[in-house]
Amino acid sequence: QVQLVESGGGLVQAGGSLRLSCTASGSILNFNIMRWYRQAPGRQRELVGLITNDGSTNYAASEKGRFTISRDSAKNTVYLQMNSLKPEDTAVYYCNALRRGDKYWGQGTQVTVSS
């Protein structure tokens, strides 16, 4: 069974940085796309950014320039580097993987940004 585990969340001051990790139970290269989503209380889950199998990345407009997605295939891990964090970034962050139309989700990791 495919498992995705997020880690790296926590409490950080505004302007600070965090790096989130999403580790898969198998090779991340088996997935066509891996995405980072986030969900704040009372809000819809929103896409933060993604990385494709060939390594190309895309980001939501509001996060572009602050967030960076990268990967370490040897560690079966995708990263979300978050810089210049704002209180509005507070949310549960989820990893999502797509493989031949099948979607998989991790349990999420909480990110809280204090003002």
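Look above for the structure.
Attention here is on the structure that accompanies the text. The residue numbers shown here count from 1 along each chain, following its written sequence. Only residues with pLDDT of 70 or above have their local features reported here, since the model is predicted, and side-chain atom pairs are shown and tallied only from 80 upward, although totals for entire chains, interfaces and linings are computed over all residues. Calculated side-chain values reflect all of the structure's heavy atoms, with hydrogen atoms and water omitted.

Time to look at the pairing of strand S1 (residues 4–7). Where burial is concerned, the two faces of S1 differ: the one with Leu4 and Glu6 is buried and the one with Val5 and Ser7 is not. Each pair of strands is called paired provided DSSP finds at least two bridges between the two strands. Segments assigned H or I by DSSP are reported as helices when at least four residues long, segments assigned E as strands when at least two residues long, and all are numbered from the N terminus. Of the pairings in the sheet, the one linking S1 to strand S3 (residues 18–24) comprises four bridges and is antiparallel in character. Counted as the bridge partner of Leu4 is Ala24 from S3. Think of it in three bands: with a 1.4 Å probe and only protein chains considered, a residue is buried below 20% of the maximum accessible area for its type, exposed above 50%, and partly exposed in between.

Turning our attention to the nonpolar core. The nonpolar core is taken to be a set of buried Ala, Val, Leu, Ile, Met, Phe, Trp, Tyr and Cys residues, with the residues joined through side-chain atoms within 4.5 Å. Met34, Trp36, Leu80, Met82 and Tyr93 are the most contacted members of the largest nonpolar core, which totals 24 residues. Among the elements of the structure, S3, strand S4 (33–39), strand S5 (46–52), strand S7 (67–72), strand S8 (77–82), strand S9 (91–99) and strand S11 (109–114) are those that each provide at least two residues to this core. Between two residues, a contact is recorded if the distance between any of their heavy atoms is within 4.5 Å. Ignoring any residue separated from it by four or fewer positions in sequence, one finds Leu80 in contact with Leu18, Arg19, Leu20, Trp36, Val48, Phe67, Thr68, Ile69 and Tyr93.

The next thing to look at is the state of the cysteines. Note on terminology: disulfide denotes any pair of cysteine sulfur atoms within 2.5 Å. Inspection of the entire model under this criterion finds one disulfide. Here Cys22 pairs with Cys95 through a disulfide, and the sulfurs are 1.9 Å apart. When the S-S torsion is -75 degrees, as for the bridge of Cys22 with Cys95, the disulfide is left-handed. Remark: Cys95 occurs in strand S9 and Cys22 occurs in strand S3; sequence separation between them is 73 residues. Judged by its relative accessible area of 0%, Cys22 is buried. You can call Cys95 buried: its relative accessible area is 1%.

Moving on, we come to the packing of aromatic side chains. The rule is short: rings of Phe, Tyr and Trp, with Trp giving its six-membered ring, pair when the centres are within 6.5 Å, and they are stacked under 30 degrees, edge-to-face over 60, tilted in between. In this structure the tally under the stated criterion is three aromatic pairs. On the numbers, 5.1 Å between centres and 55 degrees between planes, the contact of Tyr37 with Trp105 is tilted. In this pair, Tyr37 sits in strand S4 while Trp105 sits in strand S10 (residues 102–105), placing the two residues 68 residues apart along the sequence. Taking relative accessible area as the criterion, Tyr37 reaches 17% and is therefore assigned buried. For Trp105, a relative accessible area of 36% translates into the label partly exposed.

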